[in-house]
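For reference, the chains in residue letters:
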Amino acid sequence: MSIDGETRLAGVLGWPVAHSRSPRLHNFWLERYGINGAYLPLPVRAEHFAEAVRGLVRLGFAGANVTVPHKEAAYALCDSADESARKAGAANTLVFTPTGEIHGSNTDGFGFIEALRAGAPAYDPAKGPAVVLGAGGSARAVVQALIAAGAPEIRLVNRTPERAERLAAALGGPIRRLAWEEAARALAGAALLVNTTLLGMKGQPPLALDLAALPRSAPVNDIVYVPLETPLLRAARARGHPAVDGLGMLLHQARAGFRAWFGRDPEVTDALRRHVAADLIAEMERG
Ligand SMILES: NC(=O)c1ccc[n+]([C@@H]2O[C@H](COP(=O)([O-])OP(=O)(O)OC[C@H]3O[C@@H](n4cnc5c(N)ncnc54)[C@H](OP(=O)(O)O)[C@@H]3O)[C@@H](O)[C@H]2O)c1
């Protein structure tokens, strides 16, 4: 990579940000397509976030991704935002216009649905109820995407009922809220199970859920990606369910930003998957 006066710049804003896979992913695409661009990790504390974004605009950056804990603050800063960001109340992708305006979107829902289509091609969201575990930031994007894809019912199961209530009020649509204790029963007749909780993630307890009631044709999608093979996915594979890990969502959600900043719709290939998965595996091995 050589940097010159024409190099297009983008990056990821977060605190901390060293764990983010976005630089590895976007720089893979930049190299693959021979684009004169660079994508940087941009560690910024919450109290400096607005100032830092305005600085990037002034420095001529094309835009940025935004990760924890800045997604809501990013949305608040936007001059315009698409429906995905408005409904989530959060933006993970910022595009800076030539006149210095900030446009925000939330690409997690797109990433989720594209990864699900790729990982479980026989699944049709309109075919039956989807069970979504969790009601945090990523659940908003997942539920929104499933409603848009025509899911007739979303069974939303969360430990804290008030959070599920807020999500349902914000999104509307065919959401049925269920208590955490009802998770196993909620699987009866479902066409899809998605885990958006922290359970199963490195450093968290595994998700203990009896899958017996879930029809075998229903895909199980765990959006947790460290580790890639969670105990939930292992149990799902053992029962014969199509199993979709969280890496695809991570890769597909990045496409819109790359296209906007660098002018090319990038492909999610096996080579890219291996490149990013190697980093995730190394993180698990570090313990
Ligand atoms: N693959 C991808 O591209 C992608 C994208 C975004 C996120 N993710 C992953 O998705 C996961 C969730 O992220 P997020 O941003 O949505 O987090 P978040 O906003 O903090 O939400 C966390 C959710 O987990 C639930 N939870 C946490 N501990 C629990 C426990 N012990 N028992 C039951 N429920 C528990 C919370 O329930 P309460 O409401 O009761 O606290 C909440 O619903 C993370 O592992 C993240 O890495 C993946």
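The structure presented is a predicted model; accordingly, all values stated were derived computationally and were not measured.

Conventions used here
- Residues numbered from 1 in each chain as written.
- Predicted model: local features only at pLDDT ≥ 70, side-chain atom pairs only at ≥ 80, totals over all residues.
- Heavy atoms only, no water.
- Helix = DSSP H or I, 4+ residues; strand = E, 2+ residues; numbered from the N terminus.
- Expected span 1.5 Å × (residues − 1).
- Buried < 20%, exposed > 50% of the residue type's maximum accessible area, 1.4 Å probe, protein only.
- Contact = heavy atoms within 4.5 Å.
- Domains from an automatic or database assignment.
- Salt bridge = Lys/Arg side-chain N within 4 Å of Asp/Glu carboxyl O.
- Polar contact = N/O pair within 3.5 Å; in protein donor to acceptor, adjacent residues only side chain to side chain.
- Nonpolar A, V, L, I, M, F, W, Y, C, P; charged D, E, K, R; others polar.
- Core = buried A, V, L, I, M, F, W, Y, C linked by side-chain atoms within 4.5 Å.

Draft legend 1. Fine view of helix H12 (residues 270-286). Between its terminal C-alpha atoms H12 stretches 24 Å, which fits the 24 Å expected from 17 residues at 1.5 Å a residue. Among the residues making up H12, those that are buried are Leu 272, Val 276, Ala 277, Leu 280 and Glu 283. Elements in contact with the buried residues of H12: helix H1 (22-33) and helix H10 (247-253). Trailing H12 by a residue or two, Gly 287 shows a phi angle of about 80 degrees, which is positive.

Draft legend 2. A look at the domain arrangement of the protein. If you check the domain split of the protein, you get domain 1 (8-107 + 254-286) and domain 2 (109-248). Look at where the C-alpha atoms of domain 1 and domain 2 centre, and you get two points 25 Å apart. Across the contact, 14 residues belong to domain 1 and 16 residues belong to domain 2. Between Glu 114 and Arg 255 there is a salt bridge; the shortest N-O distance is 3.2 Å. Across the contact surface, domain 1 and domain 2 share six residue pairs in polar contact (both at pLDDT 80 or more). If you list the elements that add at least two residues to the side of domain 1 that touches domain 2, you get helix H4 (83-88) and H12. A breakdown of the residues in the side of domain 1 that touches domain 2 according to their chemical character gives five nonpolar, three polar and six charged.

Draft legend 3. Expanded view of the nonpolar core. The biggest cluster of nonpolar side chains holds 28 residues, and the ones touching the most others in it are Phe 112, Val 143, Leu 146, Ile 154, Leu 167 and Ile 175. Going through the elements one at a time, helix H5 (108-119), strand E7 (130-133), helix H6 (137-148), strand E8 (154-158), helix H7 (161-171) and strand E10 (192-195) are the ones with two or more residues in this core. When residues in this core are grouped by element, the largest group, five residues, is from H6. With near-sequence residues (within four places) excluded, Ile 154 lies in contact with Ala 130, Val 132, Val 143, Leu 146, Ile 147, Pro 174, Ile 175 and Arg 176. Of all hydrophobic cores here, the second largest spans 22 residues; its members include Ala 10, Val 12, Leu 25 and Leu 250.

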